[in-house]
Amino acid sequence: MYIDTHAHYDDKAFDTDRNELLSLLPAYGVEAIIDPGCNLSSSMQARSLAEAFPHVYFAAGIHPEELTDLPDDWLSQITRIADSTKCVAIGEIGLDYYWDASEKELQKQVFEAQLKIAHSLNLPVIIHDREAHGDCFEIISRHRENRGVFHCYSGSAEMASELLKMGWYLGFDGPITYKNARKAVEVLSLTPLDKILIETDSPYLSPIPVRGKRNDSRNLRFIVEKIAEVKGLSVEEIVSATSQNAKMLFQLA
Ligand code: NI
């Protein structure tokens, strides 16, 4: 069965049918889902969903685009939210220079502080790195004690090789199915099967043939089909390997 290691079911896009959708996912072969928080309130919402649905897990974290109005005690609040048996990671955390690179220093501080919390809680991290590959790599290289996944990996093949050597997992999402996905496909080819995770990033990043529509975990199959094609393996082999990887990294029960 599939494991979606990155889906935002706390997003308002699911306000009309969240509970129905989450309840029916196991019938579509989705065994487990990880809902990563982006700020304090979405981390709390993700925690509530995880506590309501046995197949939902969550991560607590501050996303690099969510730094405005961060309260002084945000670090202790995240630590408190993470204090749940359903919390399997700190995330999503990282750097994002795509929209606004003016807060680079603050982004780095918040990222590193969360790497430290993750280590002290013995949790993996879910990393968001958009247009910030150099700085992200530099920070990760100084924090060898952390482990986790680069969510929707978008860096170079060279950086991917380095991260893989350091034990990182790489997350693959809908964009690998897009026509212009040459770089992502190159990275996928060099990533060993035991380091691949599948993610939807729902409600965003819908794969072809449902691109442009609201995404949900049922669409993992399109991502898996693409990975199977690139790797020359069967869909079943990809599903079983990626589920095992998710259970291993996130210690899912
Ligand atoms: Ni995300």
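Refer to the structure presented above.
Throughout what follows, the structure given in this document is the object of discussion.

Rules of the game
Residues numbered from 1 in each chain as written. Predicted model: local features only at pLDDT ≥ 70, side-chain atom pairs only at ≥ 80, totals over all residues. Heavy atoms only, no water. Core = buried A, V, L, I, M, F, W, Y, C linked by side-chain atoms within 4.5 Å. Buried < 20%, exposed > 50% of the residue type's maximum accessible area, 1.4 Å probe, protein only. Contact = heavy atoms within 4.5 Å. Donors = N, O, S within 2.8 Å, 3.2 Å for Na, K, Ca; no water. Tetrahedral: all angles 85-135°; square planar, octahedral: opposite > 155°, others 65-115°. Phe/Tyr/Trp six-rings, centres within 6.5 Å; stacked < 30°, edge-to-face > 60°. Lys NZ or Arg CZ within 6 Å of the ring centre and 35° of its normal.

For the rest of this paragraph, the subject is the nonpolar core. In terms of nonpolar packing, the biggest core is built from 62 residues, with Tyr9, Phe111, Phe150, Leu170 and Ile227 touching the most fellow members. In this view, Phe150 contacts Ile127, Asp129, Cys136, Ile140, Met159, Leu163, Trp168, Tyr169, Leu170 and Gly171; residues no more than four positions away in its chain are not counted. One finds Ala89, Val149, Leu249 and Leu252 within the second-largest nonpolar core, a separate group that totals 15 residues.

His6 (NE2), His8 (NE2), Glu92 (OE) and Asp201 (OD) make up the full set of protein donors to the nickel ion, lying at 2.1 to 2.5 Å. Here the nickel ion binds four donor atoms, and the angle range of 84 to 171 degrees at the metal identifies the geometry as irregular. Each donor residue of the nickel ion belongs to the same chain, and together they define the spacing H-x1-H-x83-E-x108-D. Neither His6 nor His8 differs from the other in exposure class; each is buried.

Ring pairs (aromatic) are described by centroid distance and by the angle formed between their planes. Counted under the stated rule, the structure contains four aromatic pairs. Ring centres of Tyr98 and Trp99 lie 4.8 Å apart, and the angle between their planes is 85 degrees; this geometry places the pair in the edge-to-face category. The exposure class assigned to Trp99 is exposed, which follows from its relative accessible area of 60%. Centroid distance Phe150 to Tyr153: 6.2 Å. Interplanar angle 70 degrees. Geometry classified as edge-to-face. Judged by its relative accessible area of 1%, Phe150 is buried. Judged by its relative accessible area of 7%, Tyr153 is buried. Connected via pairs of aromatic rings, a cluster forms that spans Phe150, Tyr153 and Trp168. For Lys195, the ring lying beneath its charged end belongs to Tyr169, and the centroid distance is 4.9 Å. A cation over a ring is seen here: Arg211 above Tyr178, with NZ or CZ 3.5 Å from the ring centre.

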